[in-house]
Amino acid sequence: MLRSLCPFCEARAFAKVLNPSWQHSRTAATLQKRKPSRMTLSPNVRRGPPPAAIQGEPKPKPKSRNSPFGGMNMTTIPRELENVSIRKPASRTERRRAPRFAKNSTTSQSRRGGKDGRDRQDPMHALKMQRALTNISYEKRSRVKQTIMERDSFDEFDLLPIVKESIASQALGGMVGVSPTPIQRLALPALLGMEDKKKGRGRKQGGEMQQFLLAAETGSGKTLAYLLPVIDAIKRSEAFEARAATREDKQNPAPAAKPNNTQLFTVAPPAPDSPDPSTARPRTLILVPTSELVSQIGNLVKSLSHTIKFRSALLSAAYTGRVIRSRLFSTGGIDIVITTPHLLHSVTESDPNVLSHVTHLVVDEADSLLDRSFSPITSGIIDRCAPSLRQLIFCSATIPRSLDSYMQKRYPAIRRLVTPNLHAVPRRVQLSVVDIEKVPYQGNRGLACAQVVWEIGKEGNEEAGGGSREKKIVVFVNEREKTDELARYLQGKGIDAHALSRDSQDRTEDILAGFTGLLPSPSSTLLPKPTPSASSTATAISPADLAHTTTTTFTPPRPSTSRSSSSPPPSPRALPNTKVLITTDLLSRGIDTLPVKHVILYDVPHTSIDFIHRLGRVGRMGRRGRGVVLVGKGDRRDVVREVREGMFKGMALI
Ligand SMILES: Nc1ncnc2c1ncn2[C@@H]1O[C@H](COP(=O)(O)OP(=O)(O)OP(=O)(O)O)[C@@H](O)[C@H]1O
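In short, a report on the structure. (Residues numbered from 1 in each chain as written. Predicted model: local features only at pLDDT ≥ 70, side-chain atom pairs only at ≥ 80, totals over all residues. Heavy atoms only, no water.)

1. Let's talk about the layout of surface pockets
Here is the rule we go by: Each cavity reported here is a set of points on a 1 Å grid over the protein atoms alone in which a 1.4 Å probe fits but cannot get out, each pocket an open set with protein on both sides within 12 Å along at least five of seven lines, and each lining residue one with an atom within 4 Å of a point. Grid points are joined across faces, edges and corners, and a volume is the space filled by probe spheres set on the points. Strands are runs of DSSP state E lasting at least 2 residues, helices are runs of H or I lasting at least 4, and numbering of each runs from the N terminus. Each residue is assigned to one of three groups, with Ala, Val, Leu, Ile, Met, Phe, Trp, Tyr, Cys and Pro labelled nonpolar, Asp, Glu, Lys and Arg labelled charged, and all others, Gly among them, labelled polar.
Size it by volume and the second largest pocket reaches roughly 890 Å³. Residue assignment for the lining of the second largest pocket shows that the elements contributing at least two residues are α7 (161-171), α10 (222-251) and α11 (291-308). Per-element tally for the lining of the second largest pocket: the top contributor is α11, with six residues. Split into classes, the residues belonging to the lining of the second largest pocket amount to 13 nonpolar, 16 polar and seven charged.

Here's what the structure looks like:
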């Protein structure tokens, strides 16, 4: 890491870290001691040179901890983690046998340590105070682990052959040797009714609505866990209906038309354009919180539809009213609709029957869609679908307490399918902390962020030998107003930075495509380039408020952030091969940012839920990832410390 090559004069102090003369003299001292005739390998390489070998030489400076890589690649447990035991939590019987400490006893008080009165024995004290996440016992987690161990192939599930074949070729881009992830091993048998079959109850064609909550860590394949059974159900009911129609035809054959001898050469008039009965009446509905997720999941659904053959439609605020209308009312019919609750709500205001045939409803990112702001609309949609529903599926990377109590109240019989690692940040993600109050930043958060980006970028270029492997970094801020300001600041420091928030109007799909690896969908008509005709047709689909679509259509485009008049003058130095996206929680939910290896938490997230979602943009599907959190005055250092400790031990955040 070249700390001496600091990109800005403000960070001059970094140059002190290197001391080349020490490096050379130590090499000289070692060479003098070496026997000239025979070279032998030292058995003590792990211990380093003996103190005598470097006597009289200046001691190497300890590695600075106030940098994104300060704590990386540790081989020993850092002092702050030394006292924390990694043993499994005590079982219920052990706890009962252990001596109890009275609340005010001196023994209990002496167990407390630290100035802040933090309980040293409780590594999650600050997080517990937040009371954000539902606790899941380790007993339950290990029971699930046992259950899913044996299911290690997609062949073990009762999926139609064409669905099975399409997993590797269509959904996973031609991957070889794929096996189901823990949530897929749990969810597929349950949603396919395999357990019912085993018990001799058979697959339900009607009857009671089944309810499921799928909860698993970020980037663990939850989308396929619900999508495969849902598509399988569509194809099976299609086949069932076709068989029923054939039977009906056999039983009541249509009367043969009498030949009309007088009109032998007249051509019959074309049949009136009869739409498919499923036009604007989808059987499956997938609800997600953002347009970006509509595109992502829609892309996956479309690629599966190429081989499995079903009809799907993506409806979001990224499309004009004309496009939405033509997709929904396509005369060819429709099987799956992927949309946001707000958009669907405004569509159903004008045509409530859109929800009348829904048999499968998926509420993805349920922790967001059932929070205070979304809950009334989402719950309203669920209620409207209820009469025809056969399966109601909630899916989430976290179970906040609010979601837990909502489930207990509204769906007490819901089946919870929870993986053993729920609420843990993916194991291969490392988190480092940068104290922005220290030299050289002295409270300048923007400067600290720029420095971290430069270090990551330079490291990438050195690794690639100056080649062209591009680094993608996502920076999360707490307030969306900050995104543009920070983008401009980083641009002034020679960094290729873009802001993406709900206010962004400029090429959002193109910008995001660089971070997801997906191409922007060619069929989408992006709203930032509205035409008067497009906006007038937007009113044709629904009454005045096709809320999301019409309001954003008339917003004048903002000036481009990259060349705005208030931009600082361009930096004389530019960081090559590094792209930065500054965003809010808009991008922390569900977006599959596989090419991203680094996440910077510019602000300390408000809750452990946000930590999980933001850090979850890296380390997806077992990949490596790095998170850097900037901590300053007034930030909850205790929370950050506990998150870091929890990640180090691979524990679930509480
Ligand atoms: N069985 C599998 N084997 C290999 N890769 C898989 C498998 N299932 C899914 N994936 C891939 O894993 C990545 C993450 O999947 P997905 O987006 O469904 O995760 P998620 O659990 O929904 O994440 P989040 O909680 O962030 O929404 C995707 O790129 C997907 O293609």
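2. Quick notes on the site of the ligand
Just so we agree on the cut-off: One heavy atom within 4 Å of a molecule or strand is enough for the residue carrying it to be called near that molecule or strand. As used in this structure description, the phrase polar contact means that two N or O atoms lie within 3.5 Å; if the pair is within protein, one of them must be able to donate a hydrogen and the other to accept it, and residues adjacent in sequence are counted only when both atoms belong to side chains. Where accessible areas are quoted, they stem from the Shrake-Rupley method and a 1.4 Å probe; at the residue level, only the protein chains shown are allowed to cover.
Taken together, 22 residues surround the ligand, and among them G219, K222, T223, D592 and R620 come closest. A distance of 2.9 Å is found between an oxygen atom of the ligand and a backbone nitrogen or oxygen belonging to G219. Contacts to the ligand include K222, whose side-chain N or O atom sits 2.7 Å from an oxygen atom. Protein coverage of the free-state accessible area of the ligand, which is 650 Å², stands at 90%.

3. Quick look at the packing of helix α8 (residues 182-191) against α10
This is how it is decided: Only the stretch in contact is used when fitting a helix axis, every axis being a line fitted to C-alpha atoms; angles between N-to-C directions are given from 0 to 180 degrees. Each angle receives one of four descriptions, namely roughly parallel if under 35 degrees, roughly antiparallel if over 145, roughly perpendicular if within 65 to 115, and oblique otherwise. The hand of a helix crossing depends on one turn: near helix anticlockwise from the far one by less than a right angle means left-handed, and clockwise means right-handed. Contact definition: two residues touch when any of their heavy atoms are within 4.5 Å.
At a minimum axis distance of 9 Å, the contact between α8 and α10 shows a crossing angle of 20°. By the angle between their axes, α8 is roughly parallel relative to α10. In the packing of α8 onto α10, the handedness of the crossing is right-handed. Between α8 and α10, the contacting residues are I183, Q184, A187, L188 and L191 on the first element and K222, L224, A225, Y226, L228 and P229 on the second. Here the residues of the contact of α8 with α10 are counted per class, giving nine nonpolar, one polar and one charged.

4. Quick notes on helix α12 (residues 321-328)
We count it as follows: Only protein chains enter the accessibility calculation, which uses a 1.4 Å probe; a residue is then buried when its area is under 20% of its type maximum, exposed when over 50%, and partly exposed in between. As used here, the arc is the angular range of directions from the helix axis to the C-beta atoms.
Buried within α12 we find G321, V323, I324, R327 and L328. Each buried residue of α12 sits inside an arc of 165° when the element is viewed along its axis, so together they form one side.

5. Looking at the side chain of T578
Assignment of secondary structure puts T578 in strand β11 (residues 578-583). With sequence-adjacent residues up to four places away left out, T578 is seen in contact with V453, G457, E470, K471, I473 and D496.

6. Let's talk about the state of the cysteines
Put simply, the rule is: Sulfur atoms of two cysteines make up a disulfide when they are within 2.5 Å.
All told, the structure shown has zero disulfides when counted by the stated rule. Its sulfur unpaired, C385 is 17 Å from the next cysteine sulfur, which belongs to C395.

7. Remarks on the sheet that holds strand β9 (residues 471-476)
So the rule is basically this: Pairing between two strands is assigned when DSSP locates at least 2 bridges connecting them.
Within the open sheet, the six strands sit side by side as β8-β13-β12-β9-β11-β10. Their pairing is parallel. For this open sheet the edge positions go to β8 (429-435) and β10 (496-500), each flanked by a neighbour on one side alone. Between one strand axis and the next, the sheet turns by 20° as a mean value, whatever way the strands run. As defined by bridge partners, β10 adjoins β11 across five bridges and the pair is classed as parallel. Among the inter-strand pairings, D496 is bridged to a residue of β11, identified as K579. Against the sheet, helix α18 (residues 481-492) contacts β9, β10 and β11, and its axis sits at roughly 175° relative to β10. Across the face of the sheet, helix α19 (residues 508-516) comes into contact with β9, β10 and β11 while running at roughly 120° to β11.

8. Concerning a negative patch on the surface
The criterion, for reference: Nonpolar side chains (Val, Leu, Ile, Met, Phe, Trp, Tyr) within 5 Å and like charges within 9 Å form the patches, drawn only from residues with over 30% relative accessible area and no salt bridge. Any Lys or Arg side-chain nitrogen found within 4 Å of a carboxyl oxygen on Asp or Glu counts as a salt bridge. By the counting rule applied here, Lys and Arg register as positive and Asp and Glu as negative, while His and the ends of each chain are not counted. Lys charges are placed at NZ, Arg charges at CZ, Asp charges at CG and Glu charges at CD.
Taken together, the side chains of E150, D152, D155 and E156 present a region of like negative charge at the surface. Examined against the element boundaries, E156 turns out to sit in the loop between α6 (138-149) and α7. Relative accessible area serves as the criterion here: at 36%, E156 is assigned to the partly exposed category.

9. Considering the packing of α6 against α8
Across the interface, α6 lies against α8 with an axial gap of 10 Å and an inter-helix angle of 75°. By the angle between their directions, the pair α6 and α8 is classed as roughly perpendicular. Residue-level contacts link V144, I148 and M149 of α6 to P182, R185 and L186 of α8.

10. What about the sheet that holds strand β3 (residues 312-315)?
Read across the sheet, seven strands follow the order β3-β4-β2-β5-β6-β1-β7 without closing on themselves; strand pairing throughout is parallel. Each edge of the open sheet is held by one strand with a lone partner, namely β3 and β7 (415-418). Averaged over neighbouring strand pairs, the angle between their axes works out to 15° when direction is ignored. Seen against the sheet, α8 touches β1 (210-215), β6 (391-396) and β7 and runs at an angle of roughly 155° to β7.

11. Structural notes on the side chain of S588
With respect to the helices and strands, the residue S588 is situated in the loop between β11 and β12 (598-601). Those residues in contact with S588 that lie beyond four places of it in its chain are F476, H613, R614 and R617.

12. Focus on the nonpolar core
Note the cut-off: Here, nonpolar core means buried Ala, Val, Leu, Ile, Met, Phe, Trp, Tyr and Cys residues that are tied together by side-chain atoms lying within 4.5 Å of each other.
Ranked by internal contacts, the top residues of the largest apolar core, which has 118 residues, are L214, Y226, L285, L361 and F394. When residues of this core are assigned to their parent elements, the largest contribution, eight residues, is made by α10. Discounting residues that sit within four places of it in the chain, L285 has contacts with V337, L344, L355, V358, H360, L361, V362, I381 and C385. One finds I473, A487, L490 and L630 within the second-largest nonpolar core, a separate group that totals 27 residues.

13. Section: the pattern of salt bridges
Under the criterion given, the structure shown has 21 salt bridges. The shortest N-O distance in the salt bridge between K482 and E485 comes to 3.0 Å. One end of the pair, K482, and the other, E485, are both in helix α18, three residues apart, so they sit about a helical turn from each other. Residue K482 is classed as partly exposed on the basis of its relative accessible area, which comes to 22%.

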